[in-house]
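A look at the structure
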Amino acid sequence: MISRCSNDNSSEMRLSASERPNAGTIRVSEIFGPTIQGEGAVIGQPTVFVRTGGCDYRCSWCDTLYAVDSSFRDLWKPLSPEAIMAEVIKLSGNKPLLVSLSGGNPAIQPLGGLIDMGHEQGYRFALETQGSVAKDWFAKLDNLTLSPKPPSSEMETDWDILGSCVAAAGPDTDTALKIVVFDDLDYAYAKEVSRRYPQLPVFLQPGNHTPGTVDEEAPGVDMKGILERMRWLVDKVVEDQWFEATVLPQLHVLIWGNERGV
Ligand SMILES: C[S@@+](CC[C@H](N)C(=O)[O-])C[C@H]1O[C@@H](n2cnc3c(N)ncnc32)[C@H](O)[C@@H]1O
Ligand SMILES: Nc1nc2[nH]cc(C(=O)O)c2c(=O)[nH]1
Ligand code: SF4
Ligand SMILES: [Mg+2]
């Protein structure tokens, strides 16, 4: 299974040559914080975000198109692990904390060296990915969130690669599932993912149907609609007696709406 964790993964090969990172450098869309982690297993923890640029998916409702759409490519900087750690250290006042690696798909970037470097200085690392590309260095992470995409995203899950991601993380990384739910079909998908990985904690996150478009700088958010979906999802889990699931909102969206860099 681990042999799938290579650089010539087929999902990654779907990226054009200019979209693939250079060896050693990491393509970065933004570094910000400290803020709190707004989602999933480590929700509420103070963290600095490193958001990489480029993604092998294009979910219909992606809330970070500026780190996905190639029209933003010129804004993604190729940075060395040293340069990224220098910024993380500056933002955190040299006090180690949790670093959240997100994107885009951070799994298509060479992040193993950055994780080693940060660990040496006492920083911890969490990573969010859709589970479409597996890397050996997932085993170095403190937390791995796998967020496979439900039908409403219009993406297809490659179950073998998702399995390779779980295997690559191994026993020393805290791995969790986090599934965005918009409707009944998404809910059924979340149950299927959880059925396949009963050993993994599962977090359900109501979808934000107002994430904005590539042309919007600061899209407005339909908070009432998101909270209604949250209530629907809680009712669903309770009625269904899915007592192993944890339902959480995107806390940062409740606080700051669709604002960037928070
Ligand atoms: C922007 S993605 C980046 C990491 C990775 N590409 C992934 O999808 O897991 C970070 C998280 O935001 C979630 N997300 C993206 N758009 C969303 C939306 N409109 N509503 C709720 N969650 C969303 C994703 O499912 C994922 O769990
Ligand atoms: N505060 C905060 N929490 C988050 N959790 C996941 C995020 C992401 O965009 O990956 C995110 C984000 O952008 N901000
Ligand atoms: S996989 Fe993540 S970053 Fe990529 S398009 Fe989907 S939500 Fe956006
Ligand atoms: Mg986000």
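Because the structure is predicted, anything quoted here is derived from the model rather than measured. (Residues numbered from 1 in each chain as written. Chains lettered and ligands numbered in written order. Predicted model: local features only at pLDDT ≥ 70, side-chain atom pairs only at ≥ 80, totals over all residues.)

Examining the site of ligand 3
Around ligand 3, the structure places Cys55, Tyr57, Arg58, Cys59, Cys62, Thr64, Val68, Gly103, Gly104, Asn105 and Gln130. Of the residues contributing to the shell around ligand 3, the split by class is five nonpolar, five polar and one charged. (Near = placed C-beta within 6 Å. Nonpolar A, V, L, I, M, F, W, Y, C, P; charged D, E, K, R; others polar.)

Considerations on the pairing of strand E7 (residues 174-181)
Burial analysis of E7 places six of its eight residues in the buried class, which makes it a mostly covered element. For strand E6 (residues 143-146) and E7, the ladder comprises four bridges, and the chain directions are parallel. Bridging across to E7, Asn143 finds its partner in Asp174. In terms of handedness, the path from E6 via helix H4 (residues 159-169) over to E7 forms a crossover that is right-handed. (Buried ≥ 20, exposed ≤ 12 C-beta atoms within 10 Å, placed from the backbone. Helix = DSSP H or I, 4+ residues; strand = E, 2+ residues; numbered from the N terminus. Pairing = 2+ DSSP bridges. Right-handed = clockwise from strand over helix to strand, strands pointing away.)

Considerations on the UniProt feature "binding site: S-adenosyl-L-methionine" (unreviewed entry) in the protein
UniProt feature "binding site: S-adenosyl-L-methionine" (unreviewed entry): in the numbering of this structure it lies at Trp61, Cys62, Asp63, Gly104, Ser147, Pro148 and Lys149. Within the fold, Asp63 resides in the loop between strand E2 (46-52) and strand E3 (77-79). Those residues within four positions of Asp63 in sequence are excluded, and the remaining contacts are Asn208 and Pro211. Within the secondary structure layout, Gly104 lies in the loop between strand E4 (98-102) and helix H3 (112-120). In this structure, Gly104 is in contact with Ser29, Arg51, Thr52, Gly53, Gly54, Cys55, Ala67 and Val68, ignoring residues within four places of it in sequence. (UniProt positions renumbered as here; feature names shortened; annotations may be inferred. Contact = placed C-beta atoms within 7 Å.)

What about the site of ligand 1?
Around ligand 1, 19 residues are found, and the nearest of them are Trp61, Asp63, Ser147, Asn208 and Pro211. Broken down by secondary-structure element, the contributors of at least two residues to the shell around ligand 1 are strand E5 (124-129) and E7. Its residues placed into classes, the shell around ligand 1 shows five nonpolar, eleven polar and three charged.

Focus: H4
Among all positions in H4, only Ile161, Leu162, Ser164, Cys165, Val166, Ala168 and Ala169 are buried. Of the residues one or two after H4, Gly170 is the one with positive phi, at around 65 degrees.

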